[in-house]
Structures are given as structure tokens and as C-alpha cells.
Amino acid sequence: MIGSSGARAATNLGIASVLAIFLGACSSMSLPSFSSSSPSPAPESAPMPEMPATIRADEIVGKWGLASFQNPNDRARTEAAAKAQCKQPYVIGAGTSGGVIMHLADQATPQELRLKGSPGGKNYIGPPGPAGGEQDREIVSFDGRVLITRFIDKDAATRYGNMVYVRCAPRA
């Protein structure tokens, strides 16, 4: 016959075994309140498709006089200075895949950039990617004769100001 102290030890050992199995099963289940692991990341949303700009690339291809201003009161004077630069025009070329050939901020070599629209109705010029990216420039205004842009990057915007392009010759 088993003594009461032996029965008690066997019962305690049985209870400990059952608890160990139960806790082992809990750790393999993903219960948020008991799990110490971090939650799985939310699925990434698909990137928004690029919106077309309201300005077409062929509308800005051509020769332009270029100047810039920081103070909005200097806009008229800067337009006149840009027109005077038509002796040495800045050429915006047509890209091979529907974009325009222009310089990015601080880049010596021009490259093909895209015209991009945004849900807010703003237009941008920049490399492929979402509109309003750090390398983009916002088209502040465009009337067919004068194009004004501003870089999105704060440092580039401070250094370059508002870029004023004045068409050198009538559109062909």
C-alpha cells in the first residue's frame, strides 16, 4: 500500500506534468495576451498608380531662358532676367519614354524625368516614383510661356529658389 506522502508526491508530479504540457501548448498558439512575440507586420499597401499630370511633356519641351528668385516680389524682374538668358538657353528635351530631359538638383548630367500629377491637382517633374518625392520639383505655375518650379527638397529649394523658365521662341 502506498503511503499518503507518496500519493501526494505522485499527484503533485502528475499536476506539474499536465501544467507543463498545457503551458507548452499555449506558447505555440498565437494568443495576443499570452504571446511575448511581436505582432506580425501589417501587409504593405500597394503603391498608388502614377497619376498623369495636367501638363504634357511636349508642352515644356523647347528652349527656355532660366533665372530664379527667392522673394515673390522679384518675380517680374526675374522673368525679364530669364528672357535675357535666351542667348544661352536651357534646353528641355523630349525623353525616349515620354518624359523630359532635365537636371535634378545638384546633378551635372541631365536625365529623363516624368511629369506626374497628384490627387490634390498639383503637378511635379521628377524621377519615377510617387508625386512630391524629395527629388521632385513642383510646378508652381505654367501658362505656356512661363514655367515656374520649386524643388521639394528643403535644402535644394533654399539654394535654388523658385526657378523661372521663360520660353525663348514661339512653340513650333
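Predicted model, so just to flag it, every value in this text is computed and none were measured.

Scoring rules and cut-offs
- Residues numbered from 1 in each chain as written.
- Predicted model: local features only at pLDDT ≥ 70, side-chain atom pairs only at ≥ 80, totals over all residues.
- Heavy atoms only, no water.
- Buried < 20%, exposed > 50% of the residue type's maximum accessible area, 1.4 Å probe, protein only.
- Helix = DSSP H or I, 4+ residues; strand = E, 2+ residues; numbered from the N terminus.
- Pairing = 2+ DSSP bridges.
- Phe/Tyr/Trp six-rings, centres within 6.5 Å; stacked < 30°, edge-to-face > 60°.

Colleague: So what's going on with the pairing of strand β8 (residues 146-151)? Which residues, and what values?
Modeller: The buried count for β8 comes to 5 of 6 residues, which makes it a mostly enclosed element. Across 5 bridges, the pairing between strand β7 (residues 137-142) and β8 is antiparallel. Pairing of I139 across the sheet is with T149, part of β8. Hairpin geometry of β7 and β8 is characterised by an intervening segment of 3 residues between the two adjacent antiparallel strands and by a positive phi of about 95 degrees at G144.

Colleague: With reference to specific residues and values, describe the pairing of β7.
Modeller: Bridging between strand β6 (residues 123-126) and β7 involves 3 bridges; their strand directions are antiparallel. In the sheet register, I125 faces β7, and the bridge partner there is R137.

Colleague: Which residues make up unusual backbone geometry, and what are the values?
Modeller: One can expect most non-glycine residues to show negative phi and most peptide bonds to be in trans. With a phi close to 65 degrees, D106 is a non-glycine residue in the positive phi region. Looking at the element boundaries, D106 is found in the loop between β4 (100-102) and β5 (111-117).

Colleague: Go over the packing of aromatic side chains with me, naming the residues and quoting the values.
Modeller: Under the definition given, this model contains 3 aromatic pairs. Centroid distance F151 to Y160: 5.4 Å. Interplanar angle 50 degrees. Geometry classified as tilted. Site record: aromatic cluster; members linked through ring pairs are W64, Y90 and Y165.

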